[in-house]
Amino acid sequence: MTKANLAADLEAARRGRYAITSRRGTAGAISLDDAYELGGDLERERLSAGWRPAGWKLGFTNRSLWSRLGLDSPIRARIYHETLSAGDLDSAHLVQPRIEPEIVVGFGASVPPMAERDVIADAVEWVAAGLEVVHCHFERWEMTPAEAVADAGVHAALAIGPRMEVDADAVWRLGAATCQLLRDGVLAATGSGADVLGGPLDALHWLLKGLPNGLRAGEIVTTGPLTQAMPLQPAQRWEHRLRSSIALEPVQLRIQ
């Protein structure tokens, strides 16, 4: 009943827009396998409600933050067309929201499970700068990776900048990309593509190890945070400037 209890508590927290206490270190803690089952249940509920899957998000891919957050693994979770955002985002329904700069890739061809890096790179059609808004239904963002998965991967919204078509060589070089995250025009954080499990291609390689059906042409993957997640507030304007071997335009998001 542990898994069912957590699912019920999270559903109530989502509806009520509040945070609950982590089960970390208690008899009520769930395994990562249980959490992915709960993620599948949530996906089926959303599909029944008319939501349309757009691809996947990776979380906790920045190893330098693992010890501070008490984590030991990345996670994956679904993203949906209903959570893609452009320009403005209403934050009234979000719980403890934060924002992360990311590298987003789009696939022009399907990729089988367990694919090697060269196959993955060949299948990527475009790359863009992204801003993912995350929110958390666990108090003070204190949770296990399993609880983050159960909490819809803490995904709330994803803004994607102008898409640039790329070849495989450009995908391999994304690890050398540099990131500037600006809040209201002022530099708030910096990072690099290498902070994402060594590079976005490495993060995609990790993702394919856990997807029994692989990736389909047309799917989007946001490859993980390039900096620590920054708290956000209404009336802020965030911008992600991503510099790489290809010309990428910034992405902006205004918080309401």
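Look up: the structure comes first, before these words.
Residues numbered from 1 in each chain as written. Predicted model: local features only at pLDDT ≥ 70, side-chain atom pairs only at ≥ 80, totals over all residues. Heavy atoms only, no water.

K.L.:
Before we go on, may I ask you to explain the overall build of the chain in this structure?
P.N.:
When helices and strands are counted, the chain shows seven helices and 14 strands. In terms of overall size, the chain behaves like a compact globule, its C-alpha atoms giving a radius of gyration of 17 Å where 256 residues would be expected to give roughly 18 Å. Here the C-alpha coordinates of the chain stretch approximately 50 × 40 × 40 Å along the principal axes. Across the 256 residues that make up the chain, the buried fraction comes to 54%. Long-range pairs, those at least 24 residues apart, make up 76% of the contacts in the chain between residues at least 6 apart in sequence. Roughly 11100 Å² of accessible area belongs to the chain as shown, and the carbon and sulfur atoms make up 49% of that amount. The positive charge centre, built from 26 side chains, and the negative charge centre, built from 32, are 4 Å apart in the chain. (Helix = DSSP H or I, 4+ residues; strand = E, 2+ residues; numbered from the N terminus. Rg over C-alpha atoms; globule rule 2.2 N^0.38 Å. Buried < 20%, exposed > 50% of the residue type's maximum accessible area, 1.4 Å probe, protein only. Contact = heavy atoms within 4.5 Å. Areas by Shrake-Rupley, 256 points an atom, 1.4 Å probe, with all protein chains shown as cover. Lys, Arg positive; Asp, Glu negative; His and termini not counted. Charge placed at Lys NZ, Arg CZ, Asp CG, Glu CD.)

K.L.:
Whenever I open this one, helix α2 (residues 32-48) confuses me. Can you help?
P.N.:
An α-helical turn contains 3.6 residues, so any two residues separated by three or four positions project in the same direction. When the terminal C-alpha atoms of α2 are compared, their 24 Å separation across 17 residues agrees well with the 24 Å that a helix rising 1.5 Å per residue should span. Where α2 ends, the next residue or the one after it, G50, has phi of about 100°, a positive value. (Expected span 1.5 Å × (residues − 1).)

K.L.:
I would appreciate a short explanation of the sheet that holds strand β14 (residues 251-255) in the present structure.
P.N.:
Each strand in a sheet pairs with another by means of backbone hydrogen bonds, the pair being arranged parallel or else antiparallel. The strand order β4-β14-β13-β9-β10 describes an open sheet built from five strands, whose pairing is mixed. Two strands bound the open sheet, and with one partner strand each, they are β4 (87-89) and β10 (186-192). In this sheet, neighbouring strand axes are inclined to one another by 20° on average, regardless of whether the strands run parallel or antiparallel. Sheet analysis places strand β13 (residues 237-243) next to β14, joined by four bridges and oriented antiparallel. Within β14, the residue paired with R237 across the bridge is R254. (Pairing = 2+ DSSP bridges. Axes fitted to C-alpha atoms, helices over the stretch in contact; angles between N-to-C directions.)

K.L.:
What should I look at first to understand the pairing of strand β2 (residues 75-80) in this one?
P.N.:
Sheet faces and side chains relate simply in a regular strand, where the side chains alternate between the two faces. Counted residue by residue, β2 has six buried out of six residues, so it is predominantly covered. Examined bridge by bridge, strand β1 (residues 53-59) and β2 share six bridges and lie antiparallel to one another. Paired with G59 across the two strands is I75, which belongs to β2.

K.L.:
Can you help me understand the side chain of E132 in this one?
P.N.:
Relative to the helices and strands, E132 is located in strand β6 (residues 124-134). Judged by its relative accessible area of 0%, E132 falls in the buried class. A polar contact of 2.7 Å, which involves the side chain of E132, links it to the side chain of H155. Residues contacting E132, with those up to four places away along its chain left out, are K57, R98, I99, E100, E102, H155, A157 and L158. (Polar contact = N/O pair within 3.5 Å; in protein donor to acceptor, adjacent residues only side chain to side chain.)

K.L.:
Can you walk me through the side chain of H240 in this structure?
P.N.:
By the secondary structure assignment, H240 is in strand β13. Among the polar contacts made by the side chain of H240, one reaches the main-chain carbonyl oxygen of E102 at a distance of 3.5 Å. Apart from the residues lying within four places of it in its own chain, the contact partners of H240 are P101, E102, A129, G130, L131, C179, Q180, L226, P250 and V251.

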